[in-house]
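One-letter residues, chain by chain:
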Amino acid sequence: MILAVPVEPDAEQARELLVRELAKPVYRAAEPTWFDRLSAAVGDWLAGLLESGPGGTPAIAWTVIILALVAALVAAYLIFGPPRVNRRSTVGGSLFGDDDSRSAQTLRSAADRAAAAGDWVIAIEEMFRAIARGLSERAIVSTMPGTTASAFAASASGPFPETSAELASAAASFDAVRYLGRPGSRAEFDAIAELDRHLRAGTPRLDGAGA
């Protein structure tokens with residue numbers, strides 16, 4: 001009888017014999033399928049979550065806590081919007097009869113330019129608007145369409161009672177140059193500019209804030 005396999009195969013023959021043997025269907029059938037490998041991977045992942053984390057708390061508990069915090073942050077962002085650095089807000093719209101979305105700083109700059117040019121009418125109007133817009137940006141006194149200069153002055157007297165007289169005088173100067181055709185003066189502008197500086201540096205009485 002002729003033997004198919006050498007009695008003592010050399011290394012190369014042994015390798016070929018092993019490859020042929022493992023290629024037989026019986027060995028192929030014993031290999032794990034892709035589903036078996038996927039199931040094993042999922043099982044290992046779940047086992048990792050159930051292992052104890054710091055202080056003996058299961059890691060899955062930490063996962064749930066983190067997901068809850070993320071959900072709370074997302075909900076807060078959607079409800080309240082991005083966090084504000086301070087109380088200053090973006091305020092625009094009607095201001096004493098004009099559609100004006102300029103910031104308080106922009107209005108102050110316009111007032112200063114008009115004052116430098118000797119245009120006291122524009123200087124007084126813009127500086128008084130700067131006061132109103134500044135308090136609105138600080139969320140102290142709000143203005144709405146139809147709010148008059150005198151009504152604003154009365155509202156601002158609540159959080160700044162020590163400036164009641166100055167506010168009333170500034171409102172009167174604003175109305176005089178805007179509606180009565182008066183030319184205004186350097187003294188009136190300086191008084192309103194000083195009032196603006198005082199209000200910017202002052203601390204409002206929030207219990208007396210007007211609206």
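Every value quoted in this text rests on a predicted model; they were computed, and no experiment measured them. (Residues numbered from 1 in each chain as written. Predicted model: local features only at pLDDT ≥ 70, side-chain atom pairs only at ≥ 80, totals over all residues. Heavy atoms only, no water.)

Participant: Just checking my understanding: could you explain helix α5 (residues 104-116) for this structure?
Facilitator: Every α-helix winds through 3.6 residues per turn, so residues three or four apart in the chain are directed the same way. Between its first and last C-alpha atoms α5 spans 18 Å; for 13 residues at 1.5 Å apiece the expected length is 18 Å, and the two agree. Those residues of α5 not exposed but buried are Ala104, Leu107, Arg108, Ala110, Ala111, Ala114 and Ala115. One face of α5 carries all of its buried residues, which in axial projection span an arc of 160°. Facing away from the buried side of α5, by more than 90 degrees, are the exposed residues Arg113 and Ala116. Where α5 ends, the next residue or the one after it, glycine 118, has phi of about 80°, a positive value. (Helix = DSSP H or I, 4+ residues; strand = E, 2+ residues; numbered from the N terminus. Expected span 1.5 Å × (residues − 1). Buried < 20%, exposed > 50% of the residue type's maximum accessible area, 1.4 Å probe, protein only. Arc of directions from axis to C-beta.)

Participant: Mind showing me how you'd approach the pattern of salt bridges here?
Facilitator: Any two side chains of opposite charge can pair, on the condition that their charged atoms come close. One pass over the structure, following the stated rule, counts eight salt bridges. In this structure, glutamate 126 engages arginine 102 in a salt bridge whose closest nitrogen and oxygen atoms are separated by 2.7 Å. Of the two residues, glutamate 126 is situated in helix α6 (residues 120-137) and arginine 102 in the loop between β2 (98-99) and α5; the sequence distance between them amounts to 24 residues. Overall, glutamate 126 belongs to the buried group, its relative accessible area being 7%. Exposure remark for arginine 102: the relative accessible area of 29% places this residue in the partly exposed category. Among the ionic pairs, glutamate 126 bridges to arginine 129, the shortest N-O distance being 3.0 Å. With a gap of three residues between them, glutamate 126 and arginine 129 both fall in helix α6, about one helical turn apart. (Salt bridge = Lys/Arg side-chain N within 4 Å of Asp/Glu carboxyl O.)

Participant: I tried to follow the side chain of arginine 108 on my own but got confused; where do I start?
Facilitator: Structurally, arginine 108 is set in helix α5. Given a relative accessible area of 10%, arginine 108 falls into the buried group. Once residues lying within four places of it in the same chain are set aside, the contact partners of arginine 108 are Met127, Ala130, Gly134, Asp196 and Arg200. (Contact = heavy atoms within 4.5 Å.)

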